[in-house]
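Summary of the model geometry
The primary structure of each chain is shown beneath.
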Amino acid sequence: MLEMLLIFFVLMSIIGIMSVGVLFGKKPITGSCGGLAGLEPGRECELCGGNPSKCAEQ
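We now turn to the structure provided with this report.

Regarding its fold elements, the chain presents two helices and zero strands. For the chain, the accessible surface area stands at approximately 5300 Å², while carbon and sulfur atoms represent 69% of it.

Encoded structure:
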């Protein structure tokens, strides 16, 4: 039982550290070409530059 609690607190610590990094990173979380950015007309993917075949390669 002690090991499970230790693992839980370690994982929660890692998640907390990652969330602080996102909050102070000043860059919004963005999706891939297949994400919500693909639903908005005229918006270009930051990863593939508007070429969805590049996403399939990555």
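Still more ground to cover, so stick around.
What follows concerns the packing of aromatic side chains. Aromatic ring pairs are reported here in terms of the distance separating the ring centres and the angle at which the planes meet. Applying the stated rule across the entire model yields one aromatic pair. A ring pair is formed by Phe 8 and Phe 9, whose centres lie 5.6 Å apart and whose planes are at 70°; its orientation type is edge-to-face. Relative accessible area serves as the criterion here: at 43%, Phe 8 is assigned to the partly exposed category.

Basis of the calculations
Residues numbered from 1 in each chain as written. Predicted model: local features only at pLDDT ≥ 70, side-chain atom pairs only at ≥ 80, totals over all residues. Heavy atoms only, no water. Helix = DSSP H or I, 4+ residues; strand = E, 2+ residues; numbered from the N terminus. Areas by Shrake-Rupley, 256 points an atom, 1.4 Å probe, with all protein chains shown as cover. Phe/Tyr/Trp six-rings, centres within 6.5 Å; stacked < 30°, edge-to-face > 60°. Buried < 20%, exposed > 50% of the residue type's maximum accessible area, 1.4 Å probe, protein only.

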